[in-house]
Amino acid sequence: MIKSREERSMYMLSRIAAVIITAAIASTLYASEPNKEQQTSWPEPDPKAVKAWQDMRFGMFIHWGPVSLTGHEIGWSRGKETPVEKYDMLYKEFNPVKFNADEWVKTAADAGMKYLVITTKHHDGFCLWPSEVTDYDIGGTPFKRDVLKELSDACKKHGIRFGTYYSVCDWHNPAYPLGSPGGNTKKPNPDLAAYDKYLRAQTTELVKNYGTLVTMWFDVPQVYDVTYGADMVKELRALQPDILINNRAYAKRGLSVGDYDTPEQKIGGFNRERPWETCMTICRQWAWKPNDEMKSLKQCIQTLIYTAGGDGNLLFNVGPMPDGLIEQRQVERLKEMGNWMAKYGDGIYGTRGGPFKPGKWGASTCKNNTIYMFVMEWSPDNSLHLPALEKQIKQVKSLTGGDVTFNQTDKNLIFTIPATSRDEIATVLEITVDGNAFAITPMNVEDKSGK
Ligand code: H79
């Protein structure tokens, strides 16, 4: 439905009024006596750091550790598929002699990924770097090499930003109150204050010794709450002012914390208000599993498109093998994604989601005067029916080939392309409009497929 200029300005006025009222309510709230949680509020990130992270759009997640020797899931298989005593001794045999940080980072770069985040410590407590506060780490393996150092150096060399995943829960450490399987047992002598000291020492090692980190990606805080976590977050931010910290640093108790949200194994909904990043596995398991079911190229690329179209980042996970290699078929799949990104990456990097919201039809992104449409489903008459666009179209080009025609009225917008010119993964249209495309109010696209 097209809105008249008057209607639009009324709408804008009411939006502005709503913001003023919200601000007024907020200021009265904060004028009252601050409670404990308000005193320990989240330290805001530098908007420039957030923007730089959003611009990258596509990163590599790596889940790795001695557990790869079993082929079962990291953390979760402890006390389940693998008895605790056996799981905790795996590190004595962990010797990934084929590990080559340059190759991993090159695999990420060739996929078009711009950052890399690795599990420095998962729920199983094993540390992938030689930590000063435990021997349950890479230093205790026959391999001994500091995997994190080699990776952070390789990232620097190849222009990839480096980040650290750190699980807040630790089912191995006796001081942490919960244990395996799955955090469902209680430890006999828990000491959360002692565990906090351990966690603080470790996170400090990470931010001090591995260069400028793009993110500290916390996971599963469980019992670790704001009374501990708020201080920890502030210290990290003080040590590295540009570091981003996700929304799992401590248990929230209704508070909205974190620099960005982290939908897991699903694509986040359209959201321009709050930064977000979907984390998803290339196969089914986070850690390596032999013959795990791998996503098709179409699934991989459409996931990336839908994520960018919703205004989010994609952190795409691989689980390297116990010998230190990433499976060849996964390397190839990632390379295929990179080939696609080399052609259509302009529509992903540095873009924002919208203005047409993602749906069965596909997704859109925008940058300056350009809207990128990634069309995955056409109407039976070879066209795509969209709501009216409030800016004038100057030019339309199909980046995947074929002649596209458009019809823009004040009621709707219709693109048509011959069926033979459609792309199987997504037909990519580049649309030039007469102004800033991001300023266009996001619109829902009605499903006209008749399916
Ligand atoms: O590190 C990965 C997961 O292990 C971790 N977050 C990502 C990044 C995570 N920990 N807890 N959860 C996610 C939420 C619980 C997920 C579960 Fe399951 C689903 C637990 C049981 C079913 C995942 C799938 C673990 C076992 C099967």
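Okay, so let's go over this structure. (Residues numbered from 1 in each chain as written. Predicted model: local features only at pLDDT ≥ 70, side-chain atom pairs only at ≥ 80, totals over all residues. Heavy atoms only, no water.)

### A closer look at helix 3 (residues 47–56)
Listed in full, the buried residues belonging to helix 3 are Ala49, Val50, Trp53, Gln54 and Met56. Seen along its axis, helix 3 keeps its buried residues to an arc of 155°; they face one direction. Away from its buried face by more than 90 degrees, helix 3 exposes Pro47 and Lys48. Two or three places before Lys48, at the start of helix 3, stands the capping residue Asp46, its side-chain oxygen 2.9 Å from that residue's backbone nitrogen. Following helix 3 by one or two positions, Arg57 has its phi on the positive side, about 60°. (Buried < 20%, exposed > 50% of the residue type's maximum accessible area, 1.4 Å probe, protein only. Helix = DSSP H or I, 4+ residues; strand = E, 2+ residues; numbered from the N terminus. Arc of directions from axis to C-beta. Polar contact = N/O pair within 3.5 Å; in protein donor to acceptor, adjacent residues only side chain to side chain.)

### Quick word on the sheet that holds strand 17 (residues 427–433)
Sheet strands associate in pairs through backbone hydrogen bonding, adopting either a parallel or an antiparallel arrangement. Taken in spatial order, the five strands line up as 10-11-12-17-14 in an open sheet, and their pairing is antiparallel. In this open sheet, the two edge strands, each paired with only one partner strand, are strand 10 (352–353) and strand 14 (393–398). In this sheet, strand 17 lies alongside strand 14 in antiparallel orientation, the contact comprising five bridges. Within strand 17, the position partnered with Val396 by the bridge is Ile431. (Pairing = 2+ DSSP bridges.)

### A word on the site of the ligand
Around the ligand sit Phe61, His63, Trp76, His122, His123, Tyr165, Asp219, Val220, Arg248, Glu264 and Trp286, and those are all the residues in its vicinity. His122 has a polar side-chain atom sitting 2.8 Å from an oxygen atom of the ligand. Interatomic distance of 3.0 Å between a side-chain N/O atom of His123 and a nitrogen atom of the ligand. Residues of the shell around the ligand, tallied by class, amount to five nonpolar, three polar and three charged. (Near = heavy atom within 4 Å. Nonpolar A, V, L, I, M, F, W, Y, C, P; charged D, E, K, R; others polar.)

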